[in-house]
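# A look at the structure
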Amino acid sequence: MIPLPSWQDKEAHKGGMVRAALWLESEVGLGNVFTSGQLRQAFPGEEQIGRRLRDLRDHGWQIDTHRNDRTLLQDERRYVRKGMEVWVPGQAKAPERKASLTSTQRAKVLEGDGFLCRTCGIGSGESYGDGIELSLLNVSRRTVHLPDGSSTTQLLTECKRCSTGTTDRAVDLTELLGRVLTLASLEQKVLAKWIKADRRTPSELESIWGLYRTLPQESRNAIASAMDAGVNKHEGMGK
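Residues numbered from 1 in each chain as written. Predicted model: local features only at pLDDT ≥ 70, side-chain atom pairs only at ≥ 80, totals over all residues. Heavy atoms only, no water.

### With respect to the packing of aromatic side chains
One pass over the structure, following the stated rule, counts six aromatic pairs. Between Trp7 and Phe43, the ring centres sit 5.4 Å apart and the planes meet at 55°, which makes this aromatic pair tilted. Here the residue Trp7 occupies a position in the segment before α1 (16–28), and Phe43 occupies one in the loop between α2 (36–42) and α3 (49–55), the gap between them amounting to 36 residues. With respect to burial, Trp7 and Phe43 carry one shared label: buried. With centroids separated by 6.1 Å and ring planes inclined at 75°, the aromatic side chains of Trp23 and Phe43 adopt a geometry described as edge-to-face. Linking Trp23 in helix α1 with Phe43 in the loop between α2 and α3, this pair joins segments that are 20 residues apart in sequence. By way of ring pairs, the aromatic residues Trp7, Trp23, Phe34 and Phe43 are connected into one cluster. (Phe/Tyr/Trp six-rings, centres within 6.5 Å; stacked < 30°, edge-to-face > 60°. Helix = DSSP H or I, 4+ residues; strand = E, 2+ residues; numbered from the N terminus. Buried < 20%, exposed > 50% of the residue type's maximum accessible area, 1.4 Å probe, protein only.)

As structure tokens, then:
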């Protein structure tokens with residue numbers, strides 16, 4: 001096996017993307033988790049290292065975030081798939097530029113997505129509630145790994161906030177379908193209803209929990225005490 005070049009050799013590897021790839025291979029390891037802080041610590045003074053890491057997507061690399069791996073925290077990343085060995089001469093060549101969308105293509109995607117961001121659900125020109133800016137919808141590209149082993153690029157609607165500053169969010173349909181099929185029959189029926197309506201309606205339990213989470217501590221304590229009393233009462237009646 002040919003040893004990997006050193007990711008710390010700035011003279012031999014002037015591009016941040018190449019060094020980031022070597023760092024993933026040498027220090028992180030396939031399947032392991034790292035944080036944004038660890039990345040910045042490894043590349044001090046390189047303000048664009050996060051962007052260089054994202055550039056690896058165009059060469060077949062996959063680094064998941066909390067958006068597509070629910071086990072990860074917001075600051076964590078998982079090194080999922082090794083792509084082209086960009087440190088090998090010729091492999092780091094910039095990929096061909098993606099063709100620009102026509103206005104007809106863009107309008108078709110927006111209409112198909114109901115003129116809503118598929119990530120956060122916000123509509124065009126709506127407020128995020130923070131008083132900073134109104135939403136702006138764009139058409140983004142998403143890499144999809146198909147069940148036959150091939151990959152394709154598909155289009156979807158996202159707001160500017162959701163499409164900016166994210167790492168690879170490729171979707172593996174085989175893995176997702178596998179998770180769907182492991183659901184209980186009742187859960188699959190509920191999911192099918194959500195898919196048909198293209199929206200998820202919270203249950204009464206979830207609505208109550210959402211309201212409870214917004215209560216001040218004194219009110220939360222009052223609810224908890226009332227529930228404890230109710231549980232104890234029912235347990236006493238069952239004896």
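### Points about the sheet that holds strand β4 (residues 137–145)
Across the sheet, three strands lie side by side as β5-β4-β6; this open sheet has mixed pairing. The sheet is open, and its two borders are formed by β5 (151–159) and β6 (171–172), each paired with just one other strand. Sheet topology note: the β4/β6 ladder contains two bridges and is parallel. Bridging from a neighbouring strand, His145 pairs with Asp172 of β6. (Pairing = 2+ DSSP bridges.)

### Quick word on the sheet that holds strand β3 (residues 76–81)
Within a sheet, each strand pairs with its neighbour through backbone hydrogen bonds, oriented either parallel or antiparallel. In spatial order, the strands read β1-β3-β2; together these three strands make up an open sheet with antiparallel pairing. The open sheet is flanked by β1 (33–35) and β2 (62–64), the only strands paired with a single partner. Each adjacent strand pair in this sheet contributes to an overall mean axis angle of 35°, direction not counted. Bridge analysis of β2 against β3 gives three bridges, and the strand direction is antiparallel. Following the sheet pairing, Ile63 is matched in β3 by Tyr79. (Axes fitted to C-alpha atoms, helices over the stretch in contact; angles between N-to-C directions.)

### Examining the layout of surface pockets
By rolling a water-sized probe across the atoms, one finds the places where empty space is left. If you add up the space inside the largest pocket, you get close to 1,700 Å³. Lining of the largest pocket is provided by 34 residues; of these, Arg67, Arg118, Val171, Leu176 and Arg179 occupy positions nearest its centre. When residues of the lining of the largest pocket are traced back to their parent elements, those giving at least two are β2, β3, β4, β5, β6, α6 (173–181) and α7 (185–197). Of the residues that constitute the lining of the largest pocket, the class distribution is 13 nonpolar, six polar and 15 charged. (1 Å grid on protein atoms, 1.4 Å probe; cavity = no way out; pocket = protein on both sides within 12 Å on 5 of 7 lines; lining within 4 Å. Points joined across faces, edges and corners; volume = space filled by probe spheres on them. Nonpolar A, V, L, I, M, F, W, Y, C, P; charged D, E, K, R; others polar.)

### Some remarks on the pairing of β5
Bridge count for β4 against β5 is nine bridges, and the pairing is antiparallel. Counted as the bridge partner of Arg142 is Gln154 from β5. Between β4 and β5, which pair antiparallel in sequence order, lie five residues; one of them, Gly149, sits at a positive phi of approximately 95°.

### Side note on the pattern of salt bridges
Note that side chains of opposite charge can pair when their charged atoms are close. On inspection of all chains with the given rule, the structure shows seven salt bridges. One connected set of salt bridges, linked through shared partners, spans Glu25, Lys82 and Glu85. (Salt bridge = Lys/Arg side-chain N within 4 Å of Asp/Glu carboxyl O.)

### Side note on the environment of Arg78
Within the secondary structure, Arg78 sits in strand β3. Relative accessible area serves as the criterion here: at 22%, Arg78 is assigned to the partly exposed category. The spatial distance from the C-alpha of Arg78 to the C-alpha of Thr201 is 31 Å, given a sequence separation of 123 residues. Among residues more than four places away in sequence, those in contact with Arg78 are Gly31, Asn32, Val33, Gln62, Ile63, Asp64, Asp69, Thr71 and Leu72. Reaching out from Arg78, the side chain makes a polar contact with the side chain of Thr71 at a distance of 3.2 Å. (Contact = heavy atoms within 4.5 Å. Polar contact = N/O pair within 3.5 Å; in protein donor to acceptor, adjacent residues only side chain to side chain.)

### Some remarks on the nonpolar core
Here is a general trend for soluble globular proteins: nonpolar side chains tend to be buried in one another's company. Within the largest apolar cluster, 21 residues are counted, with the highest numbers of intra-cluster contacts made by Trp23, Leu24, Leu53, Leu56, Trp61 and Val86. The set of elements that each furnish at least two residues to this core consists of α1, α2 and α3. Top contributing element to this core by residue count: α1, with eight residues. When neighbours within four sequence positions are excluded, Leu53 is seen to be in contact with Ala20, Leu24, Phe34, Leu39 and Ile63. Core analysis: the next-biggest nonpolar cluster, separate from the first, contains eight residues, Val109, Leu110, Leu137 and Val139 among them. (Core = buried A, V, L, I, M, F, W, Y, C linked by side-chain atoms within 4.5 Å.)

### Considering the environment of Gly31
Relative to the assigned elements, Gly31 resides in the loop between α1 and β1. You can call Gly31 partly exposed: its relative accessible area is 35%. In sequence terms Gly31 and Arg142 are 111 residues apart; their C-alpha atoms lie 21 Å from each other. Sequence-distant contacts of Gly31, defined by excluding residues within four places in its chain, comprise Arg78 and Tyr79.

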